[in-house]
Amino acid sequence: MANKYFYCKTNKAPHTYRCGEDVEFHIFFREDGVTVPAPQFKWRIEADHGFEDEGIADGSTGEFILHASLDKPGFIYVFASAVDENEVALPECDRLFGGAGVEIEKIRAYPEEPAGYHDFWATCKRELLAVYPDIIEQKKLPDDPLHPDHNVYDMKIVAPGGIPVSGILTVPKKDGKYQGRVTYQGYGVKSAWHLFMDDTINFCINAHGIHNDEPQEYYDELFRGRLAGYGFDEEQNRSPHTCYFKYMMIRAAQALRFVMTLPTWDGKTLISRGGSQGAVQAFQAASLVDEVTLIDTWVPWLCDIKSGDMGRLCGFGNFKGEAFRFFDLSLRAPYVTKKVIISAGLGDSTTRPSGIVAMYHKLNGEKELSFMQSREHVYTSPESETFYWEK
């Protein structure tokens, strides 16, 4: 049986509020599309520029209303749980992750680039182009029973930095030319995914050049050991050249270059896509490979990581050290001229929509941004709604 969950509705489109305007969150506790009661609801509101509130709401009707407002551009976040009389969370009940934006067209990113920003990325491109994406290993895997019309390969590709590109390649068996799509993963240690589309060459890579399709214990051991806390070593992060993410981004670009070598690629459409950390890879890789035609991302990480200096809430990460600024997508955005698609979660405290909006403003090409109500970073309510920002 599926968990009970929350549905959140605002009194207007959630990204269209003005400063000083009352934001009304009408919150429903649901089971299979029906509002159901609970003993009570424990809720919390946090917002940019220091606003906070919390409390308990009666659960007898299965719904309640909260109000908030901001006097500066930013976002408001609302969280709620169904709890018992002792304020202990009820089992098999999802939490609410909702939100709303206030005058988001005025949100701006921290503007200053770190010294040496362009030199660093020029060096990355030189390192990339110096290494041809030769195949180290190509292992033909059994056909997927749900997708028998695709060839499936476990691939390792030569890359700068001494760690290979490692991923799962799926190619339609039918003769023809196909668009290419490379998918990158979020923070963590895991196998590349097996992705299938009838009209697409799919290459999904893991972030670390490790083996694919291993038992879960293999990835757990790496995450507890050699890759524990990867990317957040303060000594490494004194310089972008020693930061763990440097060669992760270059490997991401090398994966795109590899797809371009395939005889079944159509030579026209090349998509760079990913969520969270994978979105960072998608953007930065596309900046190193001119042939990319679309950057398709969701809940992108590292957007305006100095937002706290301007009073806004920042997302996940210990950003000590200058290196992280070199990977901030709000600094990459002004130089992106390819089409970009972005989806943000209004209840996401890992990759805050305020930082995503700040980055979005700096994009210069064709772009599309949508917000999902009742979406957290990895969780989406069964009754989430999507709102497109038209500007």
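Reading guide: rules and limits
Residues numbered from 1 in each chain as written. Predicted model: local features only at pLDDT ≥ 70, side-chain atom pairs only at ≥ 80, totals over all residues. Heavy atoms only, no water. Helix = DSSP H or I, 4+ residues; strand = E, 2+ residues; numbered from the N terminus. Buried < 20%, exposed > 50% of the residue type's maximum accessible area, 1.4 Å probe, protein only. Pairing = 2+ DSSP bridges. Axes fitted to C-alpha atoms, helices over the stretch in contact; angles between N-to-C directions. 1 Å grid on protein atoms, 1.4 Å probe; cavity = no way out; pocket = protein on both sides within 12 Å on 5 of 7 lines; lining within 4 Å. Points joined across faces, edges and corners; volume = space filled by probe spheres on them. Nonpolar A, V, L, I, M, F, W, Y, C, P; charged D, E, K, R; others polar. Phe/Tyr/Trp six-rings, centres within 6.5 Å; stacked < 30°, edge-to-face > 60°. Lys NZ or Arg CZ within 6 Å of the ring centre and 35° of its normal. Polar contact = N/O pair within 3.5 Å; in protein donor to acceptor, adjacent residues only side chain to side chain. Contact = heavy atoms within 4.5 Å. Expected span 1.5 Å × (residues − 1). Arc of directions from axis to C-beta. Salt bridge = Lys/Arg side-chain N within 4 Å of Asp/Glu carboxyl O.

Visitor: Account for unusual backbone geometry, with residues named and values stated.
Guide: The backbone of E92 shows a phi angle near 55 degrees, a positive value even though the residue is not glycine. Mapped onto the fold, E92 is located in the loop between β7 (74-83) and β8 (96-102). Classification of E92 by relative accessible area gives exposed; the value is 58%. A positive phi angle, close to 60 degrees, is found at S276, a residue other than glycine. The residue S276 is located in the loop between β14 (265-275) and α4 (277-288) in this model. Overall, the relative accessible area of 10% leaves S276 in the buried class.

Visitor: Tell me about the sheet that holds β8, and name the residues and values.
Guide: As summarised here, the arrangement of the four strands in space is β5-β4-β7-β8, forming an open sheet in which the pairing is antiparallel. With partners counted over all chains shown, the strands left at the sheet margins are β5 (52-58) and β8, one partner each. When the angles between neighbouring strand axes are averaged without regard to direction, this sheet yields 20 degrees. In this sheet, β5 lies alongside strand β4 (residues 40-47) in antiparallel orientation, the contact comprising seven bridges. In the sheet register, W43 faces β5, and the bridge partner there is G55.

Visitor: So what's going on with empty space enclosed by the protein? Which residues, and what values?
Guide: Where empty space is left in the structure can be found by rolling a water-sized probe over the atoms. For the structure on display, the rule yields one cavity of 30 Å³ or more. Computed from the structure, the largest cavity encloses a volume of approximately 100 Å³. Along its surface, the largest cavity is lined by 16 residues, and L302, C303, G315, T351 and R352 are the ones closest to its centre. Looking at the lining of the largest cavity residue by residue, the class counts come to nine nonpolar, five polar and two charged.

Visitor: A description of the packing of aromatic side chains should follow, citing residues and the corresponding values.
Guide: Enumeration over the complete set of coordinates arrives at 33 aromatic pairs. Ring geometry for F120 against W121: centres 5.0 Å apart, planes inclined by 70 degrees, an arrangement best described as edge-to-face. Take F120 and W121: they sit in the same class, and that class is buried. Their ring planes at 75 degrees and their centres at 6.1 Å tell us that Y187 and W301 sit as a pair that is edge-to-face. Note that Y187 is positioned in the loop between β12 (178-184) and β13 (200-205) and W301 in the loop between β15 (294-298) and α5 (329-332), a separation of 114 residues in sequence. The residue whose ring lies beneath K306 is Y110, and the NZ or CZ to ring-centre distance is 5.0 Å. Across the ring face of Y77, the terminal group of R352 is positioned such that the distance to the ring centre comes to 4.6 Å.

Visitor: Explain the environment of R312 to me, and be specific about the residues and the numbers.
Guide: Along the chain, R312 turns up in the loop between β15 and α5. Separated by 205 residues in the primary sequence, R312 and I107 place their C-alpha atoms 9.8 Å from one another. Looking at R312, its side chain comes within polar contact range of the main-chain oxygen of R108, at 3.2 Å.

Visitor: So what's going on with the sheet that holds β13? Residues and values would help.
Guide: Ordered by their spatial adjacency, 10 strands build an open sheet running β9-β10-β11-β13-β12-β14-β15-β16-β17-β18, and the pairing between neighbours is mixed. The strands lining the two open edges of the sheet, one partner per strand, are β9 (135-141) and β18 (380-388). This sheet shows a mean twist of 20 degrees between the axes of neighbouring strands, independent of strand direction. With five bridges connecting them, β12 and β13 associate as parallel partners. Paired with G180 across the strands is I201, a residue of β13. Helix-sheet contacts for α4 involve β12, β14, β15 and β16 (339-345), and the interaxial angle to β14 is about 145 degrees. Seen against the sheet, helix α6 (residues 353-361) touches β16 and β17 (367-375) and runs at an angle of roughly 170 degrees to β17.

Visitor: Quick one: what's the story with helix α1 (residues 117-129), residue by residue and with numbers?
Guide: Between its first and last C-alpha, α1 extends 19 Å over 13 residues, near the 18 Å set by a 1.5 Å rise per residue. For α1, every residue scored as buried is listed here: Y117, F120, W121, C124 and L128. Across the axial projection of α1, the buried residues extend over an arc of 90 degrees, all falling on one side. Exposed and oriented more than 90 degrees from the buried face of α1 are D119, R126 and L129. Each element contacted by the buried residues of α1 is listed here: α3 (245-260), α4 and α5.

Visitor: Could you give an account of the pattern of salt bridges, naming the residues involved and the relevant values?
Guide: This structure, assessed with the given rule, holds 19 salt bridges. D143 serves as the salt-bridge partner of K140, at 3.7 Å between the closest nitrogen and oxygen. Using a relative accessible area of 36% as the deciding quantity, one classes D143 as partly exposed. Overlapping salt bridges, with partners in common, bring together R18, E103, E105 and K106 in one network.

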